[in-house]
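Inside the fold
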Amino acid sequence: MVIVRTASLTLLLAFGFLNAWGAKKPVTIDALMHPPGHRGGAPITWAPNGTQFLIDKDGTLSLYDVPSGKQRDIIATDKLEKAAAPVPESAVFDWTNRRVDESDVQWFSDCKRLLVSSGGDLFVVNVADDSFEQLTKTPDVERDPKLSPDNKSVSFRLNHNLFVLDIASKKITQLTKNGSDTLLNGELDWVYPEELDLDTAHWWSPDSRYIAYLQFDVSHEPVYPQVSLLGPHAILEPERFPQPGDPNADVHVGVVPAAGGETRWMDLGEARGSLFARVDWLPNSRQIAVEKLPRIQNKLDLLVADTETGASHVIIHEEDPTWINVQGDPEFLSDGKRFLWTSERSGFRQIYLYSNDGTLIRQLTSGDWEVSSLEQVEEPGNRAFYMSSEDG
């Protein structure tokens, strides 16, 4: 497999346009607290065809066509917000870790429609004009919405539970029912985004039939009495936050049918005190890969679990005398036989090619420089695109 360092060109192109559009925008407290893309992670959303991208330009979703260089506005988000059901204000500040990633805009695979979260509700917006279809209208916020791979359903979290909405019929199916302030289904606690850089807690299977999710029991974590001072008056924001020596959340990994049914819990060995840093579906939709570490994060196991039985086995084990830096996800290839893995075992993060049984095929990159991210795998061309600190 050839490694190509060409991902930066597209990124520079996109950010150049963003700088041009936002160059004269004044610096305000609101702008600092809510920068572009502060929830989605990136200020642009690429279309599946790779020739168009969206930006939120001062409250308007704007489409840029790369080949023609043309740009046009699609819809003002306040039009959607006015259609949304009002969300009552809470006396307690709703603290969410800054590293949590919830996508406000997602493309359908036909590149003709968008799934948009606005005003706490969900909408399907037509790209050709400013028409839209409202999927939900509730006083509660549908959090962390995700479009299924087949584009027929949307998963979301509501009041500590997971739900799935069928787009055609608008029928909503509740997948979990035991969620509470201390039992979080598909919802991250404060520690995981901060310490492990994990930005979500539920994932669709490639065949759109199942959803894998993390369940957090935070009842043993102490309540930390934080206060928000961002407004004219202080607002209490109590947060369950384990300080050194305090117990972490008890976390379990489950798989539930998207049509509803019982959760199958994965047997990943000793769970109490363990951290499950990454969860990824294999292309066959029958297995998931889970990265597991102890609390001090000096050992890492990559396990593969059978979602029918819950049984798992370790395919990669790594140790470090001090600390293992978890970064990125294993990239499973569509041939169902291989995956790409990054590791700092040599002293520098490099890319390795493995077979799915955990056998090392070969090391793909090497040198006294760091692979910062594996950006994209182009299987037909047998190439991987990555960012690194290598001179060039």
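Above this note sits the structure.
Here the structure is a predicted model, which means the values were calculated and not measured. In this convention, every chain numbers its residues from 1, walking through the sequence in written order. This being a predicted model, a pLDDT of at least 70 is required before a residue's local features are given, and a value of 80 or more before pairs of side-chain atoms are given or counted; all residues contribute to the totals for chains, interfaces and linings. Side-chain measures were taken over the full set of non-hydrogen atoms in the model, leaving aside hydrogen atoms and water.

**Side note on the packing of aromatic side chains**
Only the six-membered ring of Trp is used, alongside the rings of Phe and Tyr, when aromatic pairs are assigned; centres must lie within 6.5 Å, and planes under 30 degrees apart are stacked while those over 60 apart are edge-to-face, with the rest tilted. The tally for this structure, following the rule as stated, stands at 11 aromatic pairs. Ring plane angle 5° and centroid distance 5.7 Å describe the contact between phenylalanine 156 and phenylalanine 163, whose orientation is recorded as stacked. Judged on exposure class, the residue phenylalanine 156 and its partner phenylalanine 163 are both buried. Note on geometry: a ring has a charge over it if NZ (lysine) or CZ (arginine) is within 6 Å of the ring centre and within 35 degrees of the ring normal. Here the guanidinium or amino end of arginine 345 rests over the ring plane of tyrosine 352, the centre of that ring lying 4.4 Å away. Think of it in three bands: with a 1.4 Å probe and only protein chains considered, a residue is buried below 20% of the maximum accessible area for its type, exposed above 50%, and partly exposed in between.

**Re the environment of alanine 249**
Only runs of H or I of at least four residues qualify as helices and only runs of E of at least two qualify as strands under DSSP, and these elements are numbered from the N terminus. Among the secondary structure elements, alanine 249 is positioned in the loop between strand 18 (235-240) and strand 19 (250-257). Under the relative-accessibility criterion, alanine 249 is labelled buried at 6%. Linking alanine 249 and arginine 272, residues 23 residues apart in sequence, is a C-alpha distance of 8.3 Å.

**Comments concerning the pairing of strand 24 (residues 312-319)**
A strand pair is defined by DSSP finding two or more bridges across the two strands. In this structure, strand 23 (residues 299-306) lies alongside strand 24, joined through 7 bridges in antiparallel fashion. In the strand pairing of strand 24, leucine 302 is matched with isoleucine 316. Between strand 23 and strand 24, which follow one another and run antiparallel, lie 5 residues, and glycine 310 among them has a positive phi close to 85°.

**Observations regarding unusual backbone geometry**
Phi at cysteine 111 takes a positive value of approximately 60°, unusual for a residue other than glycine. Within the fold, cysteine 111 resides in the loop between strand 6 (105-107) and strand 7 (113-118).

**A look at the pattern of salt bridges**
Any Lys or Arg side-chain nitrogen found within 4 Å of a carboxyl oxygen on Asp or Glu counts as a salt bridge. Scanning the entire structure with this criterion turns up 14 salt bridges. The closest approach of N and O atoms between lysine 170 and glutamate 133, which form a salt bridge, is 2.4 Å. Of this pair, lysine 170 sits in the loop between strand 12 (161-166) and strand 13 (172-174) while glutamate 133 sits in strand 9 (residues 132-134), placing them 37 residues apart in sequence. Owing to a relative accessible area of 32%, lysine 170 belongs among the partly exposed residues under this scheme. Across the salt bridge formed by glutamate 378 and arginine 383, the nearest N and O atoms sit 2.8 Å from each other. Using a relative accessible area of 29% as the deciding quantity, one classes glutamate 378 as partly exposed.

**Topic: a nonpolar patch on the surface**
Residues with no salt bridge and a relative accessible area higher than 30% make up the patches, which join like charges within 9 Å and nonpolar side chains (Val, Leu, Ile, Met, Phe, Trp, Tyr) within 5 Å. Working definition of accessibility: Shrake-Rupley area with a 1.4 Å probe, residue cover restricted to the visible protein chains. Together, Val227, Leu229 and Leu236 give the surface a local cluster of nonpolar side chains, amounting to about 300 Å² of exposed area. Relative to the helices and strands, leucine 236 resides in strand 18. Taking the relative accessible area as the measure of exposure, leucine 236 reaches 44% and is therefore partly exposed.

**What about the nonpolar core?**
With 44 residues, the main nonpolar core has Tyr192, Leu214, Phe216 and Ile288 as its most contacted residues. Should any heavy atoms of two residues lie within 4.5 Å, those residues are considered in contact. Sequence-distant contacts of tyrosine 192, that is, excluding residues within four places in its chain, are made with Asp197, Leu198, Leu214, Phe216, Val251, Ser274, Leu275 and Phe276. Take the buried Ala, Val, Leu, Ile, Met, Phe, Trp, Tyr and Cys residues and link them wherever side-chain atoms come within 4.5 Å; each set so joined is a nonpolar core.

**Regarding the sheet that holds strand 8 (residues 121-126)**
Strand order in the open sheet made by the 4 strands is 6-7-8-9, with antiparallel pairing throughout. Bordering the open sheet on either side are strand 6 and strand 9, each of which pairs with just one other strand. Ignoring strand direction, the axes of neighbouring strands in this sheet form an average angle of 20°. Summarising the sheet, strand 7 and strand 8 pair through 6 bridges and their orientation is antiparallel. Following the sheet pairing, serine 118 is matched in strand 8 by aspartate 121. Comment: axis = line fitted to C-alpha atoms, over the contacting stretch for helices; angle = value between 0 and 180 degrees taken between N-to-C directions.

So far we have only geometry, and geometry alone does not tell us how the molecule works.
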